[in-house]
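One letter stands for each residue in the lines below.
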Amino acid sequence: MGLLKKDILDVDSLSIDEIQTILDTADGLKEISSRPIKKVPTLRGKTVILFFHEPSTRTRMSFDIAAKRLSADSIAITAGTSSMVKGETLIDTAKNLEAMAPDIIVMRHSAAGAPYLLAKTVSAGIINAGDGMHAHPTQALLDMMTVREEKGQIAGLRIAIIGDIAHSRVARSNVAGFTKMGAEVRLAGPPTMIPQGVDTLGAYATYDMDEAIEGADVVMMLRIQKERQRSFLFPSEREYAARYGLNRERLKIAEKDVLIMHPGPLNRGVEIAPDVADGPYSMILDQVANGVALRMALLYLLGGGVRNADHH
Amino acid sequence: MRIIIKGGRVLDPGHLDDIMDVYIENDLITGIVEKGGAPPPFEAHTADRIISADGCIVSPGLVDMHVHLREPGEEYKETIESGIRAAAAGGFTSICCMPNTKPVNDSKEVTRYIICQAKALASVRVFPIGAASRGLAGDALSEYGELKDAGAVGITDDGKPVTDSQLMRRVLEYSKSIGIRVISHSEELTLANGVMNEGSTATRLGLSGTPNAAESIMVMRDIALAELTHTPIHIAHVSTRESIRAIRGAKAQGIPVSAETAPHYFTLTDAAVFEYDTHAKMNPPLRSPEDRQAVRKALADGTIDAIATDHAPHSGLEKQVPFDEAANGIIGLETSLSLGLRLVEAGVLTLSQLIEKMAVNPARILGLAGGLRIGGKADLTVIDSSAKYQYNAANGFSKSRNTPFDGWEFQGRAQCTLVAGRIVHEI
């Protein structure tokens, strides 16, 4: 079992079968994290570089733990510690990384498309851990894993994604993934946060939050970035919370067993009320736990699956 | 030196369109002779060179009024010499170079340096455009009198707009006394914070978008200031249907406005950015299919007067980087004519209109000598409109290769380029 791909750059380029394979593999690997000895030798002798050109705690740690549980050697370099601060170009940095023969490079970058440039330059497998506003495929896959685990299947579900759609790579990748797997996705946010040509993403968009969450099986809240106030996207956190924040009252129109999701970190009391974040329907910490399993699956499939076997 | 260009279709829009022979002695045209017409100025056997133009068009030399030559300051991207060679190969006999060099061309010294370098090569004519504001800083007039005396033929802050409307008013007013044309890079910077056109492609790629209004707002302001000051203004690189609507309206009102577009705006759309192709990144950005259609229509109906390349060489240092970080601009001198001929092939323009846009009008707008006439300078372009070839940027004359047209199959190109009777390019 494995993937024929060299890289995981976005969700759009994954087939339904590939997504199923990834989710099935993640389901199988999840159990390792609950063992007393949380380590298997699967990727022993493999090198994983965590190349983070943008601040990240959660995603980087999730990949790091995933690599270590599979016995891969993982090394993290961040923008502050890499020579890119000394003026080295991305391609030169990539060639230098390549020269050290890593098997997989996990990359986060503030510029959309940067992992594509890296993938063209190096022969190691590239996993996109978030590029600008473009894509965050591992987040979407772990979200799909979480929903599938709870609901049994994704097809036919109604998913609402609320918040700053225009600037969200999580939203883009989740729309691509959930619609590909047969769910219906509705997006909601103020007009300042709905991108031009949103139809092209394949989801229905509305300015009315209630319209999006009515009858929803999953409500996914996006983190509101306070600095967006400066680009005039919303007037205040107070007004945003009132119009687009998720609270218990609002949830009444969703399905009874609705799942509440959030990619984190939370702005409690802004996009999500604390009692909802901590409530019985909240999947927020399950997402984090599944994130490790899902990333183990990707490292395994890229680093030790069919592609690797072919080389021996 | 005597040259005869024999048997071509001599086409100078509004003046000549017939199969004729052009006689050149030294730097001048001394005869344009039809079969069985007036006796030629010299006997064919006394010619040093006879260029057969059978099946070709003999046009007034093409003029590119918007080129970045990068010298002085960024010679690793282009030099005056490499730019001139690219221009000659593209069929251009005159090019106008923008002032955003290092140092900025806001002085007679830089203007003279450029002219001097170009003259030493005895090839394509180079006409510098001076900075509208000192140092392109947008806060003081530069010395237009000195610039004009040194040989500058226009002024602009190209690369960025003159954001201060009071300064732009004074730029226009002051230019009038000097008699030098103002060229505007019309862009409202507070709206133009994207790296490509706003729309579906930007949304899919997660790239920030710049709306059409970022251009048209400033085009409308510039038209208002041209009207206020009764001073002609030329709008550079028009890319949107809203700008075109404003220019069309202004022309109908008799406001002295002229406009250019670039081949990429009538050829490509923002879909070319997919997937993160930095050779499709320029400013203004490639727009929607509706805008491309509007640009084509505006060329046909005369709203847009000129085709100019906005030739903007960049090296891999500026282009082999993430899309957000890539420099704006593409090279264009060697593909402009072929892309223009595609419009003729598609029935958008007549050949005569294309020559107006690429030779006659740019020369008229900037007050350069042009046209094919006896006693005039022998600047002309022999165009073989049937030659098929594949464009290969790596084999081009420009020092840079940043073009989205690499590998394109074209029909039609410059067979031969003559400047002041000298053959500066020949296939």
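**Q** So what exactly am I meant to see when it comes to the overall build of chain B here?
**A** Helix and strand counts for chain B stand at 12 helices and 18 strands. Over its C-alpha trace chain B gives a radius of gyration of 21 Å, about what one expects of a compact globule, namely 22 Å for 427 residues. Counting only C-alpha atoms and orienting by the principal axes, one finds that chain B spans roughly 65 × 45 × 45 Å. Within chain B, the proportion of its 427 residues that are buried is 59%.

**Q** Please explain the interface of chain A and chain B as it appears in this structure.
**A** One widely used convention gives an interface's size as the accessible area the parts lose upon coming together. Facing the 22 residues of chain A at the interface are 17 residues of chain B. For the side of chain A that touches chain B, the secondary-structure elements that each account for two or more residues are helix H3 (90–99), helix H4 (114–121) and helix H6 (169–180) of chain A. In terms of residue count, the dominant contributor to the side of chain A that touches chain B is H4(A) (three residues). Residue classes in the side of chain A that touches chain B are distributed as 12 nonpolar, eight polar and two charged.

**Q** Before we go on, may I ask you to explain unusual backbone geometry in this structure?
**A** Among all residues save glycine, negative phi is the norm, and among peptide bonds the norm is trans. All names here are of chain B. Residue Phe-274 is joined to Glu-275 through a cis peptide bond whose omega torsion reads 0°. Tracing the backbone shows Glu-275 in the loop between helix H8 (263–267) and helix H9 (289–301). Cis geometry is found at the peptide bond from Asn-283 to Pro-284, where omega equals 0°. Its location among the elements puts Pro-284 in the loop between H8 and H9. The residue Asn-26 is not glycine, and still its phi comes out positive at about 55°. Counting through the fold element by element, Asn-26 comes out in the loop between strand E2 (16–25) and strand E3 (28–34). Even without glycine at this site, His-237 takes up a positive phi of about 30°. Counting through the fold element by element, His-237 comes out in the loop between strand E13 (233–235) and helix H7 (241–252).

**Q** What am I meant to see in the domain arrangement of chain B here?
**A** Residues and elements named next belong to chain B. One can read the domain layout of chain B as domain 1 (2–58 + 376–426) and domain 2 (61–366). Relative to domain 2, the C-alpha centre of domain 1 lies at a distance of 26 Å. Taken together, the contacts link 29 residues of domain 1 with 42 residues of domain 2. The set of elements that each furnish at least two residues to the side of domain 1 that touches domain 2 consists of strand E16 (380–390), strand E17 (409–419) and strand E18 (422–426). The greatest single-element share of the side of domain 1 that touches domain 2, amounting to seven residues, is contributed by E17. Split by residue class, the side of domain 1 that touches domain 2 holds 13 nonpolar, 11 polar and five charged.

**Q** How do you make sense of H9(B) when you look at a structure like this?
**A** Residue and element names in this part refer to chain B. Taking 1.5 Å of rise per residue, 13 residues should cover 18 Å, and H9 covers 18 Å from first to last C-alpha, within 8% of that figure. Residues of H9 that are buried: Asp-291, Arg-292, Ala-294, Val-295, Ala-298 and Leu-299. Taken down its axis, H9 places every buried residue within 160° of arc, on the same side. Facing away from the buried side of H9 by more than 90 degrees, the exposed set consists of Pro-289, Glu-290 and Asp-301. Structurally, H9 contributes buried residues whose contacts are with H7, strand E14 (257–261), H8 and helix H12 (351–366). Immediately downstream of H9, the backbone of Gly-302 shows phi near 90°, a positive value.

**Q** For this particular structure, what's the right way to read the domain arrangement of chain A?
**A** Residue and element names in this part refer to chain A. By the assigned domains, chain A splits into domain 1 (16–135 + 288–310) and domain 2 (137–283). A separation of 26 Å is found between the C-alpha centroids of domain 1 and domain 2. Contact with domain 1, which involves 20 residues of that partner, is made by 17 residues of domain 2. Among the secondary structure elements, those contributing two or more residues to the side of domain 1 that touches domain 2 are helix H1 (16–29), strand E4 (125–131) and helix H11 (284–304). Taken together, the residues of the side of domain 1 that touches domain 2 break down into 11 nonpolar, six polar and three charged.

**Q** Is there a simple way to explain the pairing of E4(A) in this structure?
**A** The side chains of a regular strand alternate, first on one face of the sheet and then on the other. All names here are of chain A. Taken across its seven residues, E4 has seven buried, putting it largely inside the fold. Relative to E4, strand E3 (residues 104–109) is paired through five bridges, and the arrangement is parallel. Bridge pairing in E4 places Met-107 opposite Asn-128.

**Q** What is the right way to read the sheet that holds strand E8 (residues 218–221) of chain A from this model?
**A** Pairing between the strands of a sheet is mediated by backbone hydrogen bonds and can be parallel or antiparallel. Residue and element names in this part refer to chain A. An order of E7-E6-E5-E8-E9 is seen for the five strands of this open sheet, with the pairing classed as parallel. The open sheet terminates on both sides in strands that have one partner only, identified here as strand E7 (204–206) and strand E9 (259–261). Within the sheet, the average angular offset between the axes of one strand and its neighbour, ignoring direction, is 20°. Across three bridges, the pairing between strand E6 (residues 184–188) and E7 is parallel. Bridge assignment links Ala-188 to a residue of E7, and that residue is Thr-206.

**Q** How should the sheet that holds E13(B) be read in this particular structure?
**A** All names here are of chain B. On the basis of which strands lie adjacent, the open sheet formed by eight strands has the order E6-E7-E8-E9-E10-E13-E14-E15 and parallel pairing. Of all the strands in the sheet, the pair left with one neighbour each is strand E6 (62–67) and strand E15 (306–307). One ladder, built from four bridges, connects E6 with strand E7 (residues 92–97); its direction is parallel. Considered in E7, the bridge of Val-63 is made with Ser-94. Strands E6, E7, strand E8 (125–131), strand E9 (154–156), strand E10 (181–184), E13, E14 and E15 of the sheet are contacted by H12, whose axis makes an angle of about 60° with E6.

**Q** Just checking my understanding: could you explain the packing of helix H4 (residues 165–178) of chain B against helix H6 (residues 213–229) of chain B for this structure?
**A** How two helices sit against one another is set out by the angle between their axes and by the gap between those axes. Residue and element names in this part refer to chain B. Between H4 and H6, the least distance of the axes is 10 Å, while the angle of their chain directions is 45°. As far as their axial angle goes, H6 and H4 are oblique. Crossing of H4 against H6: the hand is right-handed. On H6, the residues that touch Ser-165, Met-168, Arg-169, Leu-172 and Glu-173 of H4 are Arg-221, Leu-225, Ala-226, Leu-228 and Thr-229. Taken together, the residues of the contact of H4 with H6 sort by class into five nonpolar, two polar and three charged.

**Q** Just to check I follow, could you spell out H3(A) for this structure?
**A** Along an α-helix, a turn takes 3.6 residues, which lines up residues three or four apart on a common side. All names here are of chain A. Those residues of H3 lying buried are Leu-90, Ala-94 and Leu-97. In an axial view of H3, the angular spread of the buried residues amounts to 60°, which keeps them on one side of the axis. Residues of H3 that are buried in the fold lie against strand E1 (47–52), E3 and H4. Two residues or fewer past H3, Ala-101 is found with a positive phi of approximately 55°.

**Q** Which parts of the structure should I look at to understand the environment of B:Met98?
**A** Residues and elements named next belong to chain B. Note on placement: Met-98 falls in the loop between E7 and helix H2 (108–121). On the basis of neighbour counts, which here come to 28 C-beta atoms within 10 Å, the residue Met-98 falls in the buried class. Separated by 212 residues in the primary sequence, Met-98 and Asp-310 have C-alpha atoms spaced 9.1 Å apart. With near-sequence residues (within four places) excluded, Met-98 lies in contact with His-66, Val-67, His-68, Ile-129, Thr-156, Asp-158 and Gly-159.

Thresholds applied
- Residues numbered from 1 in each chain as written.
- Chains lettered and ligands numbered in written order.
- Predicted model: local features only at pLDDT ≥ 70, side-chain atom pairs only at ≥ 80, totals over all residues.
- Helix = DSSP H or I, 4+ residues; strand = E, 2+ residues; numbered from the N terminus.
- Rg over C-alpha atoms; globule rule 2.2 N^0.38 Å.
- Buried ≥ 20, exposed ≤ 12 C-beta atoms within 10 Å, placed from the backbone.
- Contact = placed C-beta atoms within 7 Å.
- Nonpolar A, V, L, I, M, F, W, Y, C, P; charged D, E, K, R; others polar.
- Domains from an automatic or database assignment.
- Expected span 1.5 Å × (residues − 1).
- Arc of directions from axis to C-beta.
- Pairing = 2+ DSSP bridges.
- Axes fitted to C-alpha atoms, helices over the stretch in contact; angles between N-to-C directions.
- Parallel < 35°, antiparallel > 145°, perpendicular 65-115°, else oblique.
- Left-handed = near helix turned anticlockwise from the far one by under 90°.

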